[in-house]
Each structure stands twice: as structure tokens, then as C-alpha cells.
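Fold and geometry: a report
Below are the chains, spelled out letter by letter.
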Amino acid sequence: MFQLINRIPAGEFEFLFICGMGPESISGFKCIHVSSWSVPGNKNYRFATPMFRKGKLDRQIEAFAPDIMHISTPSLLGNYALKTAKRLGVPVVSIYHTHFISYVDYYTKNFPFLIDITKDKVKNTLRSFYNRCDTVYVPSATMIHELISFGIRPEAMKLWQRGIDKHLFSPQKRDPELIQSITGNSDPCILFVSRLVWEKNLQLILDLYGLAEKKKVKYNFILVGDGVAREAITKQMPKAFFLGHVGHEKLAHLYASADVFLFPSVTETFGNVVLEAMASGLPCVIANSGGSKDFIDDGVNGYTCNPYDTQGFLDRISEIIEQPALAGRFSEKGLEISKKYEWERLVAEYFEDLKTLSHPMAVV
């Protein structure tokens, strides 16, 4: 979202932001806050509740008189915005950020009888919401096909991927001394970058670590990110290196300096971290599911594995580490592919679409 916000064409658009949490203004435009509440069991997630100030919010939006509504997600606030847009007769655009249905298996695993019921409910919710949008930007072809299978109108969806900062993420950031300062050894390093939440298929990483230990394979597991699962997996991976949140510059050095990027998540709509790793020249071994698999042509610029095949992941990682020529080929091909993803082109396309949808432009 901020890749768009930070590139709003000067003097061409007026924005009004409405959210649960945020600053008083964003890029010089007013930001209205509504009440938000923590999600039970996960303090890092909050949901906005517009119903407590609906009347005032209605008046503020009507006074702004938007020509387009951009709705981030089908939340309570998102559904309020959709109903408001339909009442005011203005077009709606949205970006498909989160593949909610892929979370169901993780959050209902202790209640298997709820899985199919919950998935049907999620599909109905997504279908009801996105079929009322004029344009839905979807970041991968895999996600478009899956959303079509849910009954979402194909003509409403547009493939709109993500960009990469090629100045930030580059093989030139390689820094072996940084890695050795973390690990204290020269063993091969497997890097994982993500929020540490169970829906990222962290169980595979735990199983992979255990298998490597059992086979006495000397690999350093380096995990970047934080989340509710960190404490649990730290206890089960005592020899791994948990770095928590790191700045973008240090992250770029980590990507360029590791030996293999591991990403078993099946819940991605796009998988920015895989693209960042590729742009850094880091060979990837990822799950053959979710939006991120679209980046990898198996055996050509990396490997894709069954997301629950621990031995398969270890075999593929070992092949890359033990065959420098293979690693070099994957690195070269990954770099070539990553160069196609440019924010400037994507942002220009988005704002041109807004101009086409409505004149004059005022966006909430």
C-alpha cells in the first residue's frame, strides 16, 4: 500500500484515509481513525469497528465526496466502505492482499469438523465482497485461478503483481563477515524471512531442523521476523539463530550472504520475500503452493517442494549447497526474472486505472 501512497502523483489526486490505527495524516492527506480491537489470541492483529461512529463517519465521507473507494480488505471496515460506496454510487477498487481461506486449516486444526464449514463461509464472504468491486488487483495468476473457482467474476480481476527495489536487494550486498558474526562458524546458511506465525507452515521448518540434526547435517538455520510462534519454535530449535525484526539494509545483506532461501508457506498471495531473495542472487527452495510458487520454475531458477515433504526439502537444499554450479545457475536465472518486477510501472498502471474509472479524482 505504501508503495502506492508514496508515489501519489502530485496535484492529481486528493485522498482521505480511514483506518483503525495510524498517524493523523498520510502523505499530507487527512487520516480518520475508527475504534479497533485486538484479535483474541494474537495481540499483533487488530480489527477496526466503524459501527461505533457510523453516523459521523458517513457525514465525513459525504463531505469529502469521493469519486472512487479503494478498500484494502473485506473486514468490518471494508464492508462498511463497500456499502457506503454503493449508496453513494461510486466505483470500488481493492487489492487482494491476504488469502484468508488458507488460514483455516491452521486455526481450526483442533476442530476438524469445522474445517469444511469454515471454508465454505470464507468463500461465501469473499465471493459476496469481491463480486461487488469494480476492479480487484490480484498479485498472482495462481490466486486468480483459485478465486475464479470460488465464484468470483474473472472480468473483475486484474493481474497486478509487486515490485522490487533493485537498488536495495542485490548480490552486491554479499557480506560473509556479517553471517559469521551471527553464526560464529562457516557452515552453510539457510535463511527464512517472514512473520513467525503458524500459517507460514512453520511446522515444516521445525521438522526440517529436526531432520538435519538427526542426520548430523551441519547447516545454520537463520530466521528473520517475529510473531506469536517465536517463543514456541525457539525452544524447539535451540541451535538456530533468531534475529527478530531487522532493518531493510541489514536484510538485504542477509539475503545476499546466505546459501539457500527456505520458504515453505502455502498462504501467500504473492510472496514478496521470495522475490527479494531472487533479486539478491539467493537460490530458493519453496513450497509448490500459494502465489509465491509462480516465481519458481522447478529445476530452472530454484526448487519447489511438496509443502509437507521434509525429506524433499532437505534433499533439494543439499543439492544446491553441494553443487556450486547449480547454485550459480539458479542465482543467475532468479536475478533475470526479478528484473521484470518494477514498482514504477505498476504504480503508473494503478493511477491510470483510477483516472479511467472516475473524473475528477478524489479517493477515500
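Quick caveat, the model's predicted, so the values are computed rather than measured. (Residues numbered from 1 in each chain as written. Predicted model: local features only at pLDDT ≥ 70, side-chain atom pairs only at ≥ 80, totals over all residues. Heavy atoms only, no water.)

Another point: the pattern of salt bridges. In the structure shown here, the tally under the stated rule is 17 salt bridges. Among the ionic pairs, glutamate 268 bridges to lysine 200, the shortest N-O distance being 2.8 Å. Separated by 68 residues along the polypeptide, glutamate 268 in the loop between strand 14 (260-263) and helix 11 (272-279) and lysine 200 in the loop between strand 11 (189-193) and helix 8 (202-214) bring together distant segments of the chain. Given the relative accessible area of 11%, glutamate 268 is considered buried. (Salt bridge = Lys/Arg side-chain N within 4 Å of Asp/Glu carboxyl O. Helix = DSSP H or I, 4+ residues; strand = E, 2+ residues; numbered from the N terminus. Buried < 20%, exposed > 50% of the residue type's maximum accessible area, 1.4 Å probe, protein only.)

A few words on the nonpolar core. The nonpolar side chains of a soluble globular protein tend to be buried, and buried together. Of all hydrophobic cores here, the largest spans 64 residues; its most connected members are Leu191, Phe221, Leu223, Met237, Tyr255, Phe261 and Val274. Ranked by residues supplied to this core, first place goes to helix 8 with eight residues. The contact partners of leucine 223, leaving out residues within four places of it in the chain, are Phe192, Leu196, Ile205, Ile233, Met237, Ala240, Phe241, Phe242, Leu243 and Gly244. Counting residues in hydrophobic clusters, the runner-up holds 33 residues, among them Ile61, Leu126, Val138 and Met157. (Core = buried A, V, L, I, M, F, W, Y, C linked by side-chain atoms within 4.5 Å. Contact = heavy atoms within 4.5 Å.)

Within the secondary structure layout, serine 25 lies in strand 3 (residues 25-26). Classification of serine 25 by relative accessible area gives partly exposed; the value is 41%. In sequence terms serine 25 and alanine 81 are 56 residues apart; their C-alpha atoms lie 19 Å from each other.

With their axes 12 Å apart at the nearest point, helix 2 (residues 54-64) and helix 3 (residues 76-88) run at an angle of 50° to one another. Between helix 2 and helix 3, the angle falls in the class oblique. Every pair of crossing elements has a handedness; the one defined by helix 2 and helix 3 is right-handed. Across the interface between the two elements, Lys54, Leu57, Asp58, Ile61 and Glu62 from helix 2 touch Tyr80, Thr84, Arg87 and Leu88 from helix 3. (Axes fitted to C-alpha atoms, helices over the stretch in contact; angles between N-to-C directions. Parallel < 35°, antiparallel > 145°, perpendicular 65-115°, else oblique. Left-handed = near helix turned anticlockwise from the far one by under 90°.)

Two packed helices can be described by the angle between their axes and the distance between those axes. One way to put it is that helix 8 packs onto helix 12 (residues 310-322) with a least axis distance of 9 Å and a crossing angle of 65°. Viewed along their axes, helix 8 and helix 12 form a crossing whose handedness is right-handed. Counting all contacts with helix 8, which are made through Leu204, Asp207, Leu208 and Leu211, the residues of helix 12 involved are Thr310, Gln311, Phe313, Leu314 and Ile317.

Turning our eyes to something else, we now look at helix 11. The buried fraction of helix 11 is high, at seven of eight residues. For helix 11, the complete set of buried residues consists of Val273, Val274, Leu275, Glu276, Ala277, Met278 and Ala279. Summarising the contacts, the buried residues of helix 11 are in contact with strand 11, helix 10 (248-257), strand 14, strand 15 (284-287) and helix 13 (324-338). Just beyond helix 11, the residue with positive phi is glycine 281, at close to 80°.

Turning to its location among the elements, phenylalanine 52 is positioned in the loop between strand 6 (42-48) and helix 2. You can call phenylalanine 52 exposed: its relative accessible area is 59%. Spatially, the C-alpha atoms of phenylalanine 52 and proline 307 are 42 Å apart, while their sequence positions differ by 255 residues. Dropping the residues within four chain positions of it, phenylalanine 52 is found in contact with Ser35 and Trp37.

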